[in-house]
Amino acid sequence: MKKALMVWGGWRGHEPKQCVEIFAPILQTKGFKVTISNTLNIYLNRPKMKSTDLIIPVWTMGQITAEQEEALMETVANGAGLAGWHGGMADSFRNNTNYQFMVGGQWVAHPGGIVDYKINIIKPNDPIVRGIKDFKIKSEQYYMHVDPANEVLAVTRFNNKPGAYLKKPYRWIKGVVMPMIWKRRWGKGKIFYAAPGHTTADFLIPELKEIVVRGMLWASRCYSAIHPS
């Protein structure tokens, strides 16, 4: 049986437990046995990690020990998938640049707070986004530091709304195109990330929810068994 590990914790404002409760049942319907943990010490359970096909971290801010970080990164490098969204994956451990290197990006700001913006699909033939059109969302629009090696599937453009964009020091970001959804490799493992997903309300948008589900399946070690070519 395919095995997934969901690890939640950190800042509760991102509703980590509630988000896990959305996606765990979906993974179960896809044939995964899902383990849910609220401690980073799960990464030190070598037999558990070795048998895991997919890891979904939902942990904003906080701290990870060197041993926990090393065990997680080793597991992914050996072939387990890593998939997640928003700050639960790309603002997890601000002091750990190696972790950020693996993820492919790090949150740095969301100018204006909760704003209306658009997600533009730029690789419509990729299986993660195939058949999904550009869509609108009202949430945090993440400004990120990103790895240019990422394979970007969708972007957003910062404009002159809200007014905070036109105030110093944000005026210069008008028109900036920012990667929002990407995939990449880390050793033998596959990485999927979606910047939207501030709270469970974001996943009421069917396009976003579908993309995250597809991204998790793609990242899984057993993707070829789920979607044979």
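Each chain carries its own residue numbering, running from 1 in the written order of its sequence. Reporting in this predicted model follows two pLDDT cut-offs: at least 70 for local features of residues, and 80 or more for side-chain atom pairs to be given and counted; totals over whole chains, interfaces and linings ignore these cut-offs and use all residues. Side-chain calculation: all heavy atoms of the structure are included, whereas hydrogens and water are not.

Caption draft 1: Quick peek at the overall build of the chain. Numbering of helices and strands runs from the N terminus, with a helix taken as a DSSP run of H or I at least four residues long and a strand as a DSSP run of E at least two residues long. Of regular secondary structure, the chain possesses seven helices and eleven strands. Atoms considered for the radius of gyration are the C-alpha atoms alone. The globule rule reads 2.2 Å times the number of residues to the power 0.38. Its C-alpha radius of gyration of 17 Å places the chain within 12% of the 17 Å reference for a compact globule of 229 residues. Taken along its principal axes, the extent of the C-alpha atoms in the chain is 50 × 40 × 30 Å. The 229 residues of the chain split such that 54% are buried. By definition in these notes, contact holds between two residues if any of their heavy atoms fall within 4.5 Å. Restricting to contacts in the chain with at least 6 residues of sequence separation, those with at least 24 account for 74%. Each accessible area is a Shrake-Rupley result for a 1.4 Å probe, and residues are judged covered by the shown protein chains and nothing else. Surface summary for the chain: the accessible area is close to 10,500 Å², and the carbon and sulfur share equals 53%. The charge count includes Lys and Arg as positive and Asp and Glu as negative, but it does not include His or the ends of the chains. Note on charges: their place is set at NZ of Lys, CZ of Arg, CG of Asp or CD of Glu. On the chain, the mean spot of the 30 positive side-chain charges and the mean spot of the 17 negative ones are 4 Å from each other. In this scheme, a residue with accessible area under 20% of its type's maximum is buried, one over 50% is exposed, and one in between is partly exposed, where area comes from a 1.4 Å probe on protein chains only.

Caption draft 2: Local environment of helix α3 (residues 66-77). By definition here, a helix of n residues has an expected span of 1.5 Å times n minus one. With twelve residues, α3 ought to run about 16 Å at 1.5 Å a step, and its terminal C-alpha atoms sit 16 Å apart, in line with that. Of the residues trailing α3, glycine 79 is marked for its positive phi of about 130°.

Caption draft 3: Molecular detail of the sheet that holds strand β2 (residues 32-37). One requirement defines pairing of two strands: DSSP has to find at least two bridges between them. In space, the nine strands of this open sheet follow the order β2-β1-β3-β4-β11-β10-β9-β6-β7, with mixed pairing throughout. Where the open sheet ends on each side, the last strands, each with one partner, are β2 and β7 (135-140). Taken pair by pair, the neighbouring strands of this sheet meet at an average axis angle of 25°, ignoring direction. As paired strands, strand β6 (residues 114-121) and β7 are joined by six bridges and run antiparallel to one another. Axis definition: a line fitted to C-alpha atoms, over the contacting stretch in the case of helices. Angles run 0 to 180 degrees between N-to-C directions.

Caption draft 4: Examining the packing of helix α1 (residues 16-29) against helix α6 (residues 206-219) more closely. For the pair α1 and α6, the least separation of the axes is 11 Å and the interaxial angle reads 55°. Comparing their axes, α6 and α1 come out oblique. As α1 packs across α6, the resulting crossing turns out to be right-handed. Here Ile22, Phe23, Ile26 and Leu27 of α1 come into contact with α6, specifically with Lys209, Val212, Val213 and Met216. Only Asp, Glu, Lys and Arg are considered charged in this grouping, and only Ala, Val, Leu, Ile, Met, Phe, Trp, Tyr, Cys and Pro are considered nonpolar; every other residue, Gly among them, is considered polar. Tallied by class, residues from the contact of α1 with α6 come to seven nonpolar, no polar and one charged. Note on angle classes: values under 35 degrees are labelled roughly parallel, values over 145 roughly antiparallel, values of 65 to 115 roughly perpendicular, and the remainder oblique. Handedness of each helix crossing follows the sense of rotation of the near helix against the far helix: counterclockwise by less than a right angle gives left-handed, clockwise gives right-handed.

Caption draft 5: Up close: the packing of aromatic side chains. Aromatic rings from Phe, Tyr and Trp, taking only the six-membered ring of Trp, are treated as a pair when their centres fall within 6.5 Å; an angle between ring planes under 30 degrees marks them as stacked, one over 60 as edge-to-face, and anything in between as tilted. This model, assessed by the stated rule, comprises nine aromatic pairs. Geometrically, the ring pair formed by phenylalanine 101 and tryptophan 186 is edge-to-face, given 5.1 Å between the ring centres and 80° between the ring planes. Of the two residues, phenylalanine 101 sits in helix α5 (residues 97-103) while tryptophan 186 sits in strand β10 (residues 177-186), which places them 85 residues apart along the sequence. On the basis of an interplanar angle of 55° and a centroid distance of 5.2 Å, the ring pair of tyrosine 143 and phenylalanine 158 is categorised as tilted. Placement of tyrosine 143 in strand β8 (residues 143-146) and of phenylalanine 158 in the loop between β9 (151-157) and β10 is noted, with a sequence separation of 15 residues between them. Judged by its relative accessible area of 13%, tyrosine 143 falls in the buried class. The class for phenylalanine 158 is buried, based on a relative accessible area of 1%. Following the ring pairs from residue to residue traces out a cluster consisting of Phe23, Trp85 and Phe203. Whether a charge sits over a ring depends on NZ of Lys or CZ of Arg being within 6 Å of the ring centre and within 35 degrees of the ring normal. The residue whose ring lies beneath lysine 2 is phenylalanine 32, and the NZ or CZ to ring-centre distance is 5.5 Å.

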